[in-house]
Amino acid sequence: MIIGVPKEIKNNENRVGVTPAGVMELVKNGHTVYVQQIAGLQSGFPDSEYIDAGATILPTIEEVYAIAEMIIKVKEPIEPEYKLIKKDQLLFTYFHFASSEPLTNAMIERGAVCVSYETVEEADRSLPLLTPMSEVAGRMSIQQGAKYLEKPLQGRGILLGGVPGVPPAKVIVLGGGVVGTQAAKMAAGMGADVTIMDISMKRLRYLDDVMAANVKTEFSNEYNIRKHIKDADLIIGGVLIPGAKAPKLITRDMLKDMRTGTVLVDVAVDQGGCFETTKPTTHAEPTYIIDDVVHYSVANMPGAVPYTSTLALTNVTLPYAVRLANLGWKKACAASEPLKKGLNVINGDVVYPAISEAFDLPLQNVENYLN
């Protein structure tokens, strides 16, 4: 198969879809790989390393899309890329369709085959291609939250871990999944007073067993959330419903109950965000303020640490990419239930229920395309 790796063009997206090590594995399996010039440079991988791994370098993004049967990316295509996508072209990347109707309509119109990293799901309900980026984003949410709590950045002016004789910051983590777990671990390690909330008692029991002594668990409901936000310094939104829009756990009216300079970090922004006042931001302009509350909602947080993120992503996506290339998407998805769940849009038809529900679009049975 002919595989293309374009340079990411989303604002401050420094990751790349495949490392040179990944290219070498694809080439060893008999595939031809074209990488756009300097696509990996910001992640620490110069063109020379891709050439040594067996790739061919192409100067422009247009050439990569034009020649490739399968495109491997990191982030969803953005508007300048829409016209480059060909009918029947296989796109393997993060899409987060349910949070973007224009993207959904564009992929339907282009007739592409869209396999979304974030909906590839194992039998145990784990999301293997989302997990490493959730780990990065969860840990980064505390890094960024701690920074924006500083007074020059309009935060409360509080040190996350406090100092002897001065209490630490209070951190509320909404969601006990991968993002929430990593966020709570980082906040606890910095000495914060942490409460992690979830609706699964099974998950809360697990977290209660494994977390440090300065992490408390509490069942998540509106009453408890309203109680905690009144004296919280940093609130992390880490709730995920695979492939669907995130629930709005903090509404606009709740902001009035928060103290001036409270920081909200919404890691769920890719899925529409779990705060009502969330709107996507960029690394260039990461925050905005509503009712004296600082909002941080960068839609590609791991893009700020591209070396770590690209290595972590390729570690998990490569086996699936090799399978798609070796067998073709139909055979690969028919033989793999996790990959089948990654199919979102096929040749103009929506085959993933959460996307159909989000935009009231007709839903087709994915099995009809795999025979």
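Look up a bit, the structure's there.
Not measured: the values here are computed from a predicted model.

Q: Just checking my understanding: could you explain the layout of surface pockets for this structure?
A: Space left empty within the atom packing is revealed by a probe, the size of a water molecule, rolled over the atoms. In this structure, the largest pocket occupies an estimated 1,200 Å³ of space. Lining the largest pocket are 43 residues, and of these Gly177, Val178, Gly238, Val239 and Leu240 sit closest to its centre. Put simply, the parts of the chain that give the lining of the largest pocket at least two residues each are α6 (131-148), α7 (178-189), β8 (193-198) and α8 (201-210). Considered class by class, the residues forming the lining of the largest pocket number 23 nonpolar, twelve polar and eight charged. The volume enclosed by the second largest pocket comes to roughly 410 Å³. Lining the second largest pocket are 24 residues; nearest its centre among them are Lys10, Glu76, Ser100, Pro280 and Ala299.

Q: Would you explain the packing of aromatic side chains in this entry?
A: Any aromatic ring pair is given by two values, namely how distant the centres are and how the planes are angled relative to each other. Taken as a whole and judged by the stated rule, the model has five aromatic pairs. Taking 4.7 Å as the distance between ring centres and 90 degrees as the angle between the ring planes, the aromatic pair formed by Phe92 and Tyr117 counts as edge-to-face. One end of the pair, Phe92, is in strand β5 (residues 90-93); the other, Tyr117, is in the loop between β6 (113-116) and α6, and 25 residues separate them in sequence. With a relative accessible area of 0%, Phe92 lands in the buried category. We classify Tyr117 as buried; its relative accessible area is 0%.

Q: Would you explain the pairing of strand β2 (residues 32-36) in this entry?
A: Both faces of the sheet carry side chains from a regular strand, because those side chains alternate between them. Counting buried positions along β2 yields four of five residues, so the element is predominantly enclosed. Of the pairings in the sheet, the one linking strand β1 (residues 2-5) to β2 comprises four bridges and is parallel in character. The residue of β2 that forms the bridge with Gly4 is Tyr34. Read from β1 through helix α1 (residues 20-28) to β2, the crossover connection turns out right-handed. Across three bridges, the pairing between β2 and strand β3 (residues 56-58) is parallel. Looking at the pairing, Gln36 lines up with Leu58 of β3.

Reading the values: rules and limits
Residues numbered from 1 in each chain as written. Predicted model: local features only at pLDDT ≥ 70, side-chain atom pairs only at ≥ 80, totals over all residues. Heavy atoms only, no water. 1 Å grid on protein atoms, 1.4 Å probe; cavity = no way out; pocket = protein on both sides within 12 Å on 5 of 7 lines; lining within 4 Å. Points joined across faces, edges and corners; volume = space filled by probe spheres on them. Helix = DSSP H or I, 4+ residues; strand = E, 2+ residues; numbered from the N terminus. Nonpolar A, V, L, I, M, F, W, Y, C, P; charged D, E, K, R; others polar. Phe/Tyr/Trp six-rings, centres within 6.5 Å; stacked < 30°, edge-to-face > 60°. Buried < 20%, exposed > 50% of the residue type's maximum accessible area, 1.4 Å probe, protein only. Pairing = 2+ DSSP bridges. Right-handed = clockwise from strand over helix to strand, strands pointing away.

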